[in-house]
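Examination of the molecular architecture
The residues making up each chain are set out below.
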Amino acid sequence: MATRLLLLIGTKKGAFIAESDGSRRSWNLKGPFCAAWPISHVIGDPGTGAIYAGGGNEWFGPAVWKTTDRGASWTHSSAGLAYAEGETPIKAVWSLAKSKPADKLYAGVEPAGLFESGDGGETWTHIAGLRAHPSREHWMPGGGGLILHTIVPHPDDARQVWIGISAAGVFHTADGGATWEPRNRGTRSDYAPEDQRYPEFGQCVHNFAMAPGMPDRFYQQNHCGMYRSDDGGRSWHSIEAGLPSSFGFPSAVHPRDPDTLYLVPLNGDQAGRFMKDAKAAVWRTRDGGKSWADLRQGLPQENAFMGVLRQAMATDTLEPAGVYFGASGGQLFASADEGQSWVAIAEHLPTITSVETMVING
């Protein structure tokens, strides 16, 4: 069977799809889709072939778009994507995730909350237990707002889900969302008083990812450091030694090797938030964060004043693994050899908010 690889791209002016065969030598870019709405996250479901795009803003409101024909036609729905009367209205959908064991679709929104759909995104139900957590009144918005931006369902246990909120931290449920607990021990808050540097919640988590085949191992890029957990997020330890900066947004795990992770460190939250020295690099660890190497071949090494947002980096499941990231200036970069070399496969797109992959066989 022929292998097709889709890059699913969210931007501030619609969704795009870049398609290639298994060789990943040439790409066909299609879009913009979703009526050029601001799209925060696009994901695919290889089992059904469906592609979902979440987005919106104060003007459009929230919605999840869906295509089952690789972008030829789309539908969208916001049914149920609302809080109770009197609460702050939902501005946008920020993140999406598919739970295989639960056969559900999850949506994270702004202001931070979690919704689920059991009918492919046609209707949505609020998972009220998260916003009922006792810490809720103390959640503070990060620079981009109070957003639920990361959703990681357990690969085998439908009742377990991890979520990340800026700037409230990582939370976990073991009972399908009825109750939640913070999982932030060991992540620091550099701007808090010394005696409050490691709070139970309130950290500005930027992104986290589960290692393949190891559902208790997570990697987290935080506003204040890079971390790893080997106990499902109950505790975290720093792995930022060797990186050019402790600040960045995205992280992407290798599809098969739990010790391999990719990052795009930026030069700091107060120094412009672009790649250090304006030289583009992806940093890779092969030993779970004990050491790091910079990967630059094919990436611009001067005047690269680009940032990469929290969901704008991904890997594919091919052999060797491909690595991809989209920049704030609209450049889309791809590596077909696990980061050793890079090529720009699109330029001048709108600001890229997310990059995900979907492999289709047949």
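Okay, so let's go over this structure. (Residues numbered from 1 in each chain as written. Predicted model: local features only at pLDDT ≥ 70, side-chain atom pairs only at ≥ 80, totals over all residues. Heavy atoms only, no water.)

This next bit is on the overall build of the protein. A count of helices and strands for the protein gives zero helices and 28 strands. A globule of 362 residues ought to have a C-alpha radius of gyration of about 21 Å, and the protein, at 19 Å, matches this closely. Judged by the C-alpha coordinates and their principal axes, the protein covers about 50 × 50 × 35 Å. Expressed as a percentage of the 362 residues in the protein, the buried residues total 58%. Relative to all contacts within the protein whose residues are 6 or more apart in sequence, the contacts with residues 24 or more apart total 50%. Only carbon and sulfur atoms are counted for the fraction: they give 49% of the accessible area of the protein, which is about 14,600 Å². Taking the average place of the 31 positive charges on the side chains of the protein and the average place of its 38 negative ones, the gap between the two points comes to 3 Å. (Helix = DSSP H or I, 4+ residues; strand = E, 2+ residues; numbered from the N terminus. Rg over C-alpha atoms; globule rule 2.2 N^0.38 Å. Buried < 20%, exposed > 50% of the residue type's maximum accessible area, 1.4 Å probe, protein only. Contact = heavy atoms within 4.5 Å. Areas by Shrake-Rupley, 256 points an atom, 1.4 Å probe, with all protein chains shown as cover. Lys, Arg positive; Asp, Glu negative; His and termini not counted. Charge placed at Lys NZ, Arg CZ, Asp CG, Glu CD.)

Okay, the sheet that holds strand S19 (residues 237-238) next. Pairing in this open sheet of four strands is antiparallel, and the strands run S16-S17-S18-S19 from one edge to the other. With partners counted over all chains shown, the strands left at the sheet margins are strand S16 (205-211) and S19, one partner each. Strand direction decides the pairing type here: strand S17 (residues 214-222) and strand S18 (residues 225-229), joined by five bridges, are antiparallel. Across the sheet, residue Asn-222 finds its bridge partner in S18, namely Gly-225. (Pairing = 2+ DSSP bridges.)

A covalent bond bridging the sulfur atoms of two cysteines is what the word disulfide describes. All chains considered together, the criterion is met by zero disulfides. Between Cys-204, a cysteine without a disulfide, and Cys-224, which holds the nearest cysteine sulfur, the sulfur-to-sulfur distance is 7.4 Å. Judged by relative accessible area, Cys-204 falls into the buried class, the value being 18%. The exposure class of Cys-224 is buried, given its relative accessible area of 5%. (Disulfide = S-S within 2.5 Å.)

The next subject is the pairing of strand S10 (residues 113-117). It is a general feature of regular strands that their side chains alternate between the two faces of the sheet. S10 sits mainly inside the fold: five of its five residues count as buried. Burial along S10 is two-sided: Gly-113, Phe-115 and Ser-117 facing one way and Leu-114 and Glu-116 facing the other are all buried. Two elements, strand S9 (residues 104-110) and S10, share five bridges in a ladder whose sense is antiparallel. Counterpart to Ala-107 in the pairing with S10 is Phe-115. Counted along the chain from S9 to the antiparallel partner S10, the turn is two residues long. Inspection of the sheet shows S10 paired to strand S11 (residues 125-126) by two bridges, in the antiparallel sense. Each bridged residue has a counterpart across the sheet, and for Phe-115 the counterpart in S11 is His-126.

This brings us to the packing of aromatic side chains. For the structure shown, the criterion picks out 12 aromatic pairs. For the pair Trp-37 and Trp-65, a centre-to-centre distance of 5.5 Å together with 80° between the ring planes defines the contact as edge-to-face. In this pair, Trp-37 sits in the loop between strand S3 (28-33) and strand S4 (39-45) while Trp-65 sits in strand S6 (residues 61-67), placing the two residues 28 residues apart along the sequence. For Trp-65, a relative accessible area of 7% corresponds to the buried category. Joined through ring pairs, the aromatic side chains of Trp-37, Phe-60 and Trp-65 make up one cluster. Over the ring of Tyr-83 we find Arg-131; its NZ or CZ atom is 3.9 Å from the centre of that ring. (Phe/Tyr/Trp six-rings, centres within 6.5 Å; stacked < 30°, edge-to-face > 60°. Lys NZ or Arg CZ within 6 Å of the ring centre and 35° of its normal.)

Our next topic: the environment of His-237. Within the fold, His-237 resides in strand S19. On the accessibility criterion, His-237 (38% relative accessible area) is partly exposed. Taking C-alpha positions, His-237 is 7.3 Å from Thr-187, a pair spaced 50 residues apart along the chain. Sequence-distant contacts of His-237, defined by excluding residues within four places in its chain, comprise Met-226, Tyr-227, Arg-228 and Asp-230.

To continue, consider the nonpolar core. In this structure, Met-275, Val-282, Met-313, Phe-325 and Trp-342 are the most contacted members of the largest nonpolar core, which totals 37 residues. At the level of elements, strand S1 (3-11), strand S2 (14-21), strand S20 (248-253), strand S21 (261-265), strand S24 (313-315), strand S25 (323-326), strand S26 (332-335) and strand S28 (352-361) are the ones that each hand at least two residues to this core. (Core = buried A, V, L, I, M, F, W, Y, C linked by side-chain atoms within 4.5 Å.)

Considering the arrangement of structural elements, one finds Glu-116 in strand S10. One polar contact links Glu-116 to Lys-104, side chain to side chain, over a distance of 3.1 Å. (Polar contact = N/O pair within 3.5 Å; in protein donor to acceptor, adjacent residues only side chain to side chain.)

Once that is clear, we can look at the pattern of salt bridges. Note on pairing: side chains with opposite charge can pair once their charged atoms come close. Per the counting criterion, the structure on display carries 19 salt bridges. The salt bridge involving Glu-19 is made with Arg-4; its shortest N-O contact spans 3.1 Å. In this pair, Glu-19 is assigned in strand S2 and Arg-4 in strand S1, connecting sequence segments 15 residues apart. For Glu-19, a relative accessible area of 12% translates into the label buried. (Salt bridge = Lys/Arg side-chain N within 4 Å of Asp/Glu carboxyl O.)

Here we come to the side chain of Arg-24. Tracing the chain through its elements places Arg-24 in the loop between S2 and S3. A polar side-chain atom of Arg-24 sits 3.0 Å from a polar atom in the side chain of Asp-316. In terms of polar contacts, Arg-24 uses its side chain to reach the backbone carbonyl oxygen of Pro-320, at 2.9 Å. Other than its neighbours up to four places away in sequence, Arg-24 contacts Leu-5, Asp-316, Leu-318, Glu-319, Pro-320, Ala-321, Gly-322, Tyr-324 and Ala-336.

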